[in-house]
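Now for the letters of each chain:
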Amino acid sequence: MDLIASVEEKLAQLSAQSLTRRRRVADTRCAPLQVVDGRPMLAFCSNDYLGLAAHPRVVEALREGAQLYGVGSGASHLISGHSRAHCLLEERLAHMLSPWLKSPQALYFSTGYMANVAVLTTLGMDSGAMIFSEELNHASLIDGARLARAGVSVFPHGDVAALTSQLEASTAATKIVVTDSVFSMDGDMAPLPQLLAVCERHGAWLVVDDAHGFGVLGENGSGALEHFALSSPNLVYVGTLSKAAGVSGAFVAAHHSVVELMVQRARPYIYSTAAPPALAHALLTSLDIIAGDEGKALRAHLASLIAQLDTELRLARWRRPVSHTAIQPVIIGSNDEALQAASDLHARGIWVPGIRPPTVAPGTARLRVTLSAAHTHEEVAQLTAALNDLERT
Ligand SMILES: *Cc1c(COP(=O)(O)O)cnc(C)c1O
């Protein structure tokens with residue numbers, strides 16, 4: 001068989017299992033009302049939970065950042081790409097997280113994927129270390145654990161008792177527990193207070209990936225640690241700046257020595273060009289909004305939309321796991337049926353992504369509805385009416 005034919009056979013196998021994915025082309029900005037492949041759509045897809053991705057003040061800040069700093073950073077952070085904008089952003093993020101971490105410093109990464117790989121490969125750089133990874137963790141944490149020299153042990157979803165037994169049985173010199181705070185395909189939250197207590201008892205790190213919590217959770221939008229009022233030197237915090245913060249990139253906040261070790265050793269940090277400084281500059285405005293009165297109002301509106309969805313959806317066959325966050329999955333089961341539901345919604349002008357394995361477990365293909373403070377109550381009513389109707393037909 002020739003090379004191309006062997007690739008095409010792999011594609012045919014995916015197609016036979018209804019696992020082929022395709023990209024839709026958004027012609028307009030990230031917002032509830034978009035033009036997609038030339039057609040107006042009402043979208044419930046993005047992780048832009050506060051509607052900052054197209055916020056006029058953030059857009060203006062990016063323009064200003066480009067004027068101040070140009071477009072590209074020119075090099076990696078350790079060569080010459082580390083700009084004043086990156087530095088100011090890191091100081092601001094460390095300050096935001098300072099009530100919950102001991103002597104914190106923050107480190108800005110181009111993506112959350114890179115931040116997670118950097119944290120796990122740095123903390124888990126010795127073969128005598130062990131990473132205890134929650135079953136439903138994001139792919140970037142799974143890949144980070146694979147790249148680390150440490151061993152990996154997976155604990156069942158939300159199962160603090162199982163984790164405790166694994167930690168008790170472990171003789172590893174360094175123990176690293178890692179979990180999403182809000183699970184990206186289910187919308188439920190990790191029992192962080194219990195996990196932290198167990199980690200402190202066993203002298204383990206607790207790495208929290210707060211991709212879906214930063215900006216949304218907590219009175220001031222500082223995320224999951226603020227939400228649960230958790231504070232510990234054992235915590236290593238990862239927040240993304242591409243979701244609620246509406247821009248791009250991510251950060252790690254931890255004790256300054258942990259961050260210093262990452263600057264010295266983390267390959268995703270060292271061997272990649274620094275993100276454009278203008279992005280960091282725009283993020284300063286995002287953080288102003290998140291931490292200010294507008295952020296509070298946006299979070300309150302988002303909470304009211306989540307409550308509305310909860311009251312209005314009346315599903316009998318399809319399953320809705322308990323979620324109090326902006327991630328509201330509707331579990332359908334088979335890949336075909338989930339795709340059909342997504343395509344029926346699409347025909348009605350509503351865009352909700354169908355999520356299939358390997359992103360979720362086989363047999364749990366689903367619609368992943370995400371709400372944003374940019375949505376109106378009328379738009380959510382349109383979605384719930386369509387879903388209620390589709391499930392019955
Ligand atoms: C999106 C996401 C990431 C990756 O962040 P990017 O900035 O998109 O690379 C990491 N962890 C979780 C849980 C996520 O949802």
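Taking an unreviewed UniProt entry as the reference, the protein is identified by name as 8-amino-7-oxononanoate synthase belonging to Massilia solisilvae. Under the UniProt heading Function (unreviewed entry), the note attached to the protein is "Catalyzes the decarboxylative condensation of pimeloyl-[acyl-carrier protein] and L-alanine to produce 8-amino-7-oxononanoate (AON), [acyl-carrier protein], and carbon dioxide." Per UniProt, the protein has the following entry under Pathway (unreviewed entry): "Cofactor biosynthesis; biotin biosynthesis."

Just checking my understanding: could you explain the packing of aromatic side chains for this structure?
Aromatic ring pairs are defined here through the distance separating the ring centres and the angle between the ring planes. Scanning the entire structure with this criterion turns up three aromatic pairs. Ring centres 5.1 Å apart and planes at 75° place the aromatic pair F214 and F251 in the edge-to-face group. Here the residue F214 occupies a position in the loop between strand 7 (205-209) and helix 9 (224-228), and F251 occupies one in strand 9 (residues 250-255), the gap between them amounting to 37 residues. Neither F214 nor F251 differs from the other in exposure class; each is buried. Measuring from centroid to centroid gives 5.7 Å for Y237 and F251, while their planes differ by 45°, and the two rings are tilted. Residue Y237 is found in strand 8 (residues 235-240), and its partner F251 is found in strand 9; the two are separated by 14 residues along the sequence. Taken together, the aromatic side chains of F214, Y237 and F251 make up a single cluster linked through ring pairs.

Looking at this structure, how should I read the side chain of H212?
Inspection of the secondary structure puts H212 in the loop between strand 7 and helix 9. When its relative accessible area of 7% is taken as the criterion, H212 is described as buried. A distance of 2.7 Å separates the side chain of H212 from the side chain of Y49, its partner in a polar contact. Residues in contact with H212, not counting those within four places in the same chain, are N47, Y49, V182, S184, K243, I327 and R368.

Please clarify how the sheet that holds strand 9 should be interpreted in this entry.
Paired through backbone hydrogen bonds, the strands of a sheet run either parallel or antiparallel to each other. What the seven strands build is an open sheet, ordered 3-9-8-7-6-4-5; its pairing is mixed. The outermost strands of the open sheet, each flanked by one partner alone, are strand 3 (104-109) and strand 5 (151-155). Sheet twist, expressed as the mean angle between neighbouring strand axes with direction ignored, is 20°. Here strand 6 (residues 174-180) runs beside strand 7; their pairing, made up of five bridges, is parallel. Bridging across to strand 7, I176 finds its partner in W205. Sitting on the sheet, helix 7 (residues 160-169) touches strand 4 (129-134), strand 5 and strand 6, and the angle it makes with strand 5 is about 150°. Contacts from helix 10 (residues 256-265) reach strand 3, strand 7, strand 8 and strand 9 within the one sheet, and its direction differs from that of strand 9 by about 130°.

What should I look at first to understand the sheet that holds strand 11 (residues 350-351) in this one?
With mixed pairing, the three strands of this open sheet are ordered in space as 1-2-11. Every interior strand has two partners, whereas the edge strands, strand 1 (33-36) and strand 11, have only one. Examined bridge by bridge, strand 1 and strand 2 (residues 39-43) share four bridges and lie antiparallel to one another. For L33, the partnering residue across the bridge sits in strand 2 and is L42.

I'm lost on helix 2 (residues 56-69) in this one. Help?
Residues spaced three or four apart along an α-helix point in a common direction, a consequence of the helix completing one turn every 3.6 residues. If you check helix 2, its first and last C-alpha atoms are 20 Å apart, about what 14 residues at 1.5 Å a residue would give, namely 20 Å. When we look at burial in helix 2, the residues that qualify are V58, A61 and G65. Buried residues of helix 2, viewed axially, fall in a sector of 55°; they line one side. With respect to the buried face of helix 2, the exposed residues turned more than 90 degrees away are P56 and Q67. Those residues of helix 2 hidden inside the fold are in contact with helix 12 (277-291).

Conventions and cut-offs
- Residues numbered from 1 in each chain as written.
- Predicted model: local features only at pLDDT ≥ 70, side-chain atom pairs only at ≥ 80, totals over all residues.
- Heavy atoms only, no water.
- UniProt positions renumbered as here; feature names shortened; annotations may be inferred.
- Phe/Tyr/Trp six-rings, centres within 6.5 Å; stacked < 30°, edge-to-face > 60°.
- Helix = DSSP H or I, 4+ residues; strand = E, 2+ residues; numbered from the N terminus.
- Buried < 20%, exposed > 50% of the residue type's maximum accessible area, 1.4 Å probe, protein only.
- Polar contact = N/O pair within 3.5 Å; in protein donor to acceptor, adjacent residues only side chain to side chain.
- Contact = heavy atoms within 4.5 Å.
- Pairing = 2+ DSSP bridges.
- Axes fitted to C-alpha atoms, helices over the stretch in contact; angles between N-to-C directions.
- Expected span 1.5 Å × (residues − 1).
- Arc of directions from axis to C-beta.

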